[in-house]
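# Per-entry structural report
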Amino acid sequence: MAFRKAILLVALLSCIGCNSASKPAQVSTVNNEPEKAFGDSKDLPKTAEHGVNEVSLRQIDQTQTQTAAMERKIVRNAELSLEVDVPAEAQRKIGTIANSLGGFVVTSESKQHQTTDGKQQLEVNLVVRVPENQFDAALNQIRATGSRVVQEKTTGEDVTEEFIDVEARLKTQKALELQFLEIMKQAHKVEDALEVQSQIADVRGEIEKLEGRKRFLENRASLSTITISVTSPGAIVVNPSGFGRSVREAVSESVDFAVSIVLFLIRFVMMMIPFGLLVLLPLYLIGRFVYRRTWKAKTATVMEPQAGSAS
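Residues numbered from 1 in each chain as written. Predicted model: local features only at pLDDT ≥ 70, side-chain atom pairs only at ≥ 80, totals over all residues. Heavy atoms only, no water.

### Quick look at the overall build of the protein
The criterion, for reference: Segments assigned H or I by DSSP are reported as helices when at least four residues long, segments assigned E as strands when at least two residues long, and all are numbered from the N terminus. Remark: exposure states derive from per-residue accessible area (1.4 Å probe, protein chains only) relative to the maximum for the residue type, with buried under 20%, exposed over 50%, and partly exposed in between. The contact criterion used throughout is that any non-hydrogen atoms of two residues lie within 4.5 Å. Where accessible areas are quoted, they stem from the Shrake-Rupley method and a 1.4 Å probe; at the residue level, only the protein chains shown are allowed to cover.
Across its full length, the protein holds nine helices and five strands. When the helices and strands of the protein are listed from N to C terminus, the series reads α-α-α-α-β-α-β-β-α-β-α-α-β-α. When burial is assessed residue by residue, the protein has 28% of its 311 residues classed as buried. When contacts within the protein are restricted to residue pairs at least 6 apart in sequence, those whose partners lie at least 24 apart make up 81%. Carbon and sulfur atoms provide 58% of the accessible area of the protein, an area that totals close to 20,600 Å².

In structure tokens, the structure reads:
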């Protein structure tokens, strides 16, 4: 029973440590009256009791000190669209710039696409990461590789508050792990040891998750991301206007209309020749044959009465 009270007390103190890390103004109140908040702790082993108080207060104090002296962590990103005469050469230059400033190329992609005038155009897309202190220098050098900056966008995200919160929670969880390890040393029953070990596993999982988040924030803040799109200049189309242009357009449209009529007549004649040979001509011959037969029959009928009267 005493052992379980010790585990419960450690868990409650860890909750206080988390609240103290996120709300520094309330630390003094919690730390001045730990025993009043949790009642009588006579059943708690002496070593574990002192370890809980000393570790928690020390870790929280260190967290507050480091928070005051910590520099702000800003995640800076940029997007650039450039026009260059030779995109492949600009692609090599940008990679060299990133390497010279201590950064690296994340992705580099080039593809051909067809423009509206039927020409092939090369488009290059790159994503580079450079140290945060070289962000402005990298932008200036990348701009210089292009003949014209079509579009530029720069963003910044302050993650200092989140980083401080993660670091404070991480220190509290580490202190809680030490407290459970102290209690583990005094466990004399297998049941108690297994219960403490389960608590330690949960705390260790939370520590690893917080450490991963901390590394992620540090990486994003220490390395800025620049996305670059490089294309060759498009053809400049001159659109003159005036009376002469209107006359030329009218003449051109008239010629096109006349040509379309002639082509229509030619197509019509070419289509009617097979139709006439295969359909109209046979119908004409059949009709002529039937007409002649009918005419001959009528002529023979008329001639017979005349021959009888003559005889």
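### Concerning the packing of aromatic side chains
Where we set the bar: Each pair of aromatic rings taken from Phe, Tyr and Trp, with Trp reduced to its six-membered ring, is defined by centres within 6.5 Å and is described as stacked if the planes are under 30 degrees apart, edge-to-face if over 60, and tilted in the remaining cases. Only lysine NZ and arginine CZ atoms are considered, and such an atom sits over a ring when it is within 6 Å of the ring centre and within 35 degrees of the ring normal.
Per the counting criterion, the structure on display carries zero aromatic pairs. Its guanidinium or amino end placed over the ring of Phe-163, Lys-73 lies 4.7 Å from that ring's centre, counting from NZ or CZ.

### Notes on the confidence of the model for the protein
Quick reminder of the rule: Scored from 0 to 100, pLDDT records how confident the predictor is in each individual residue.
Averaged over all residues, the pLDDT of the protein is 76; the fraction at 70 or higher stands at 70%. Scored below 50 in pLDDT, residues 22–57 makes 36 contacts in the model with residues more than four places away or belonging to other chains.

### Describing the pattern of salt bridges
Selection criterion: One side-chain nitrogen of Lys or Arg within 4 Å of one carboxyl oxygen of Asp or Glu is enough to make a salt bridge.
Using the criterion set out here, one finds 15 salt bridges in the structure. For Glu-89, the salt bridge goes to Lys-93, with nearest N and O atoms at 3.6 Å. Highlighted residues: Glu-89 and Lys-93, both in helix α5 (residues 87–100), separated by four residues, approximately one helical turn. Close ionic contact of Arg-213 with Glu-162 constitutes a salt bridge, the shortest N to O distance being 2.5 Å. Pair noted here: Arg-213 is in helix α8 (residues 190–222) and Glu-162 is in helix α7 (residues 160–185), with a separation of 51 residues, a long-range link. Among the residues examined, Arg-213 registers a relative accessible area of 32% and is labelled partly exposed. One continuous salt-bridge network, built from bridges that share partners, spans Asp-165, Arg-169, Glu-206 and Lys-209.

### Describing α8
Operational definition: One less than the number of residues in a helix, times 1.5 Å, gives the span that helix is expected to have.
Its 33 residues place the ends of α8 47 Å apart at the C-alpha level, agreeing with the 48 Å of an ideal helix rising 1.5 Å per residue. Of the positions making up α8, those classed as buried are Asp-192, Ala-193, Val-196, Ile-200, Val-203, Ile-207, Leu-210, Lys-214, Leu-217 and Ala-221.

### Remarks on the environment of Thr-145
Relative to the elements of secondary structure, Thr-145 occurs in the loop between α6 (135–144) and β4 (148–158). Taking the C-alpha atoms as reference, Thr-145 lies 9.8 Å from Val-230; in sequence the two are 85 residues apart. Beyond its immediate chain neighbours, meaning those up to four positions away, Thr-145 contacts Leu-82, Val-84, Lys-93, Ile-94 and Ile-97.

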